[in-house]
Amino acid sequence: QVQLVESGGGLVQAGGSLRLSCAASGRTISSYAMGWFRQAPGKEREFVGAIDRNGAGTYSADSVKGRFTISRDNAKETAYLQMSSLKPEDTAVYYCAASYVFPASGINQYYYWGQGTQVTVSS
């Protein structure tokens, strides 16, 4: 019932910042908790963080705590992942997804997915 499109990926040097956006169409994203995942070459898709329906609550994976901030603007039908202090190991395809429950960190708990956007962090 909702379609998601990520944008904002690109190449950035270590220590830099980047903001990813997830634009939604169809059903309003206020109906969903929103999550971010990433997948590096040769590795399984892993949870990055999530935000509840109204943006009041968030939680993140230990690997990104203190560096990544998840937010949303329901009026703009957009969720965000602000990344700072980027490291080469953050290099991955990043995906946004929508869930009916919060908190949720499992891939199977998310029902709608974007196409992904590449983030590459150079040394």
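Residues numbered from 1 in each chain as written. Predicted model: local features only at pLDDT ≥ 70, side-chain atom pairs only at ≥ 80, totals over all residues. Heavy atoms only, no water.

1. Quick notes on the side chain of Arg-67
Rules: Helix and strand definitions follow DSSP, with helices as H or I runs of at least four residues and strands as E runs of at least two, each counted in order from the N terminus. Any pair of N or O atoms that falls within 3.5 Å is considered a polar contact. Within protein, one atom must be able to donate a hydrogen and the other to accept it, and sequence-neighbouring residues count only if both atoms are side-chain atoms. Note on contacts: a residue pair qualifies if any of its non-hydrogen atoms lie within 4.5 Å across the two residues.
Its place among the elements puts Arg-67 in the loop between strand E6 (58–60) and strand E7 (68–73). Among the polar contacts made by the side chain of Arg-67, one reaches the main-chain carbonyl oxygen of Ser-63 at a distance of 2.9 Å. At 3.1 Å, the side chain of Arg-67 and the backbone oxygen of Ser-85 are in polar contact. Apart from residues no more than four positions distant in its own chain, Arg-67 is found in contact with Gln-82, Met-83, Ser-84, Ser-85, Leu-86, Lys-87 and Asp-90.

2. Digging into the packing of aromatic side chains
Formally: Note on ring pairs: Phe, Tyr and Trp rings are taken, using the six-membered ring of Trp, and paired if centres are within 6.5 Å. Classes follow the plane angle, with under 30 degrees stacked, over 60 edge-to-face and the rest tilted. We call a residue buried when its accessible area falls under 20% of the maximum for its residue type, exposed when it is over 50%, and partly exposed in between, using a 1.4 Å probe and counting protein chains only. Lysine NZ or arginine CZ positioned within 6 Å of the ring centre and within 35 degrees of the ring normal marks a charge as sitting over the ring.
The final tally for this structure, using the stated rule, is ten aromatic pairs. Summarising the aromatic geometry, the rings of Tyr-32 and Tyr-100 are spaced 5.3 Å apart at their centres and angled 50° between planes, so their arrangement reads as tilted. Of this pair, Tyr-32 sits in the loop between strand E3 (18–26) and strand E4 (33–39) while Tyr-100 is found in the loop between strand E9 (92–99) and strand E10 (110–113), placing the two residues 68 residues apart along the sequence. Pairing Phe-37 with Trp-113 gives two aromatic rings, centres 5.0 Å apart and planes at 55°, and the pair type is tilted. Residue Phe-37 is located in strand E4, and its partner Trp-113 is located in strand E10; the two are separated by 76 residues in the primary sequence. The buried category is assigned to Phe-37, whose relative accessible area is 0%. Geometry around Tyr-95 places Arg-45 over its ring, the cationic atom sitting 3.7 Å from the centre.

3. Some points on the sheet that holds E3
Where we set the bar: Pairing between strands is defined by DSSP: at least two bridges between them are needed. A fitted line through C-alpha atoms serves as each axis, taken over the contacting stretch for helices, and the angle formed by two N-to-C directions is quoted from 0 to 180°.
Read across the sheet, four strands follow the order E1-E3-E8-E7 without closing on themselves; strand pairing throughout is antiparallel. Looking at which strands have only one partner, the edges of the open sheet turn out to be strand E1 (2–7) and E7. If you compare each strand with its neighbour and ignore which way they point, the axes differ by 20° on average. As judged from the six bridges shared by E1 and E3, these two strands associate in the antiparallel manner. In the strand pairing of E3, Leu-4 is matched with Ala-24.

Any link to function would need more than the numbers given here.
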